Amino acid sequence: MRRTTSPFSLILLGLGAFLLVLAPMLAWYVEPRAKRTPTDIDTITVFKGKGSYFDTKKIKTVHDKNLTITRQVRGDVADSEESGRAVWDVVTSVDPDTSLPAATPHDALQWTKERWVTDRKTNKPVHCCDEEPYFEGEAYLKFPFDVEKRSYRWWDNTLGATVPLTYRGTKKVQGYEGYRFTATVKPHKTGTRQVPGRLVGQPKKSQVIADEYYANHGIELVADRRTGRIIYAAIGPRKTLRAPGSDKDARVLLDSERIAFTPATQKAQVKLAKDDSDRLKLVGETLPVVTGVLGAVLALAGAVWVVRGRRDDGVEGPGGHGNGPGGDGGSAEPGSPHPGTSTTTLQSSTM
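These numbers come from a predicted model, not from an experiment.

**Some details on the overall build of the protein**
Alright, step 1. Scanning the protein from N- to C-terminus turns up four helices and eleven strands.
Alright, step 2. Taking all 351 residues of the protein together, 41% fall into the buried category.
Alright, step 3. Summarising the internal contacts of the protein: among those between residues at least 6 apart in sequence, 57% fall at separations of at least 24.
Alright, step 4. When the accessible surface of the protein is summed, it comes to about 20100 Å², and 55% of that surface belongs to carbon and sulfur atoms.

Dropping the structure here:
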């Protein structure tokens, strides 16, 4: 008798083998390619706090006023697809209550439009595609994927240089845990500005070229470990004017101990980070483990069924227990009665 194998056992074996191959592919091929900075981003983050600023209408610095920083990040999909990079256009507005909503640059304390270009995999800066400003470092509007417990070089655009961020452990934002980093910036000269001499303590001079200085009381960033998305940010900017050659601040242009993400922005950033992180975990961890275990089980079950099917065929085939010469189902000669059948039995069966 010809040996046969159950089609179902072969299906199990094939499916198990497929899943065993798929598991490492998900972890080593699909998941790394899913870790790419998005190009179709369109988000708005809002910081709020209190501080001082120079009121151009009153021609003096006013204190303890509400300050709002509004930042919109929009991806240039066309340029991103053409260059293979992440091209983001960023508009930032710093406003007191009197110039809100931050719709135009005319009344804002500070308004900037920038173009950030980064490598989608490493988050490193790429100097192309009309990038503005030229920047360096490792962390900017986001951290690289798989954030590590170490210091990072964060690009401070107002300073025009990188600032070392120090890892400070973990922190929960809206119940979601991320890696916390902090830094401070000592006063640095960032430029010059022509102003009336009286603004910087030189009333006898009609105009002077004053020095602009920038410092930061404290930078705090909390990043999602897996995606690098910033789920909480707080800064303490201080911008001042000094008389030419002086080492003392003569006029405060902007000063706040702390301006931080609003609760609404925190929730929105946490949701985005959690959704992206869950998808990466699904592709990189959960699915590889599930498919690997399921594939092993199915492959083992299919192999066992194949082996058992062949053994069963061997038992029932030629030379088996039920078909060999002298066995219960065989006969000594063709056409002869069964050896165990009596004559009486034959006679009664033919009557």
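**Topic: the pattern of salt bridges**
Alright, step 1. With the rule as written, the count across this model stands at 19 salt bridges.
Alright, step 2. Arg-74 is the partner of Asp-42 in a salt bridge, and the nearest nitrogen-oxygen pair spans 3.6 Å. Residue Asp-42 is found in strand β1 (residues 42-55), and its partner Arg-74 is found in strand β2 (residues 60-75); the two are separated by 32 residues along the sequence.
Alright, step 3. Here Asp-42 falls in the partly exposed class, since its relative accessible area comes to 46%.
Alright, step 4. Look at Arg-74 and you get partly exposed, because its relative accessible area is 44%.
Alright, step 5. Between Arg-242 and Asp-249 there is a salt bridge, with the nearest N and O atoms lying 2.8 Å from each other.
Alright, step 6. On the basis of relative accessible area, Arg-242 is assigned to the buried category, the value being 9%.

**Quick word on the environment of Leu-165**
Alright, step 1. Position of Leu-165 among the secondary structure elements: in strand β6 (residues 161-173).
Alright, step 2. Here the alpha-carbon distance between Leu-165 and Trp-154, two residues eleven residues apart in the chain, equals 6.4 Å.
Alright, step 3. For Leu-165, the residues in contact, after removing those within four places along its chain, are Phe-143, Arg-150, Ser-151, Tyr-152, Trp-154, Phe-181, Thr-182, Ala-183, Ile-219 and Leu-221.

**A look at unusual backbone geometry**
Alright, step 1. Cis geometry marks the peptide bond from Leu-100 to Pro-101; its omega dihedral reads 0°.
Alright, step 2. Within the secondary structure, Pro-101 sits in the loop between β3 (86-96) and β4 (110-118).
Alright, step 3. Here the bond from Glu-132 into Pro-133 is cis, since omega is 5°, no more than 30 degrees from zero.
Alright, step 4. Along the chain, the position of Pro-133 falls in the loop between β4 and β5 (152-156).
Alright, step 5. The phi angle at Asp-64 is positive, at roughly 55°, despite the residue not being glycine.
Alright, step 6. The exposed category is assigned to Asp-64, whose relative accessible area is 57%.
Alright, step 7. Here the phi dihedral of Asn-123 falls at roughly 70°; this positive angle occurs in a residue that is not glycine.

**What about the confidence of the model for the protein?**
Alright, step 1. With 71% of its residues at a pLDDT of 70 or more, the protein has an overall mean of 82.
Alright, step 2. Across the protein, element-level confidence peaks in strand β9 (residues 230-235) with a mean pLDDT of 98 and bottoms out in helix α4 (residues 343-349) with 37.
Alright, step 3. The low-confidence segment residues 317-351 (pLDDT under 50) makes 14 contacts with residues lying over four places distant or belonging to another chain.

Definitions and cut-offs
Residues numbered from 1 in each chain as written. Predicted model: local features only at pLDDT ≥ 70, side-chain atom pairs only at ≥ 80, totals over all residues. Heavy atoms only, no water. Helix = DSSP H or I, 4+ residues; strand = E, 2+ residues; numbered from the N terminus. Buried < 20%, exposed > 50% of the residue type's maximum accessible area, 1.4 Å probe, protein only. Contact = heavy atoms within 4.5 Å. Areas by Shrake-Rupley, 256 points an atom, 1.4 Å probe, with all protein chains shown as cover. Salt bridge = Lys/Arg side-chain N within 4 Å of Asp/Glu carboxyl O. pLDDT = per-residue confidence, 0-100.

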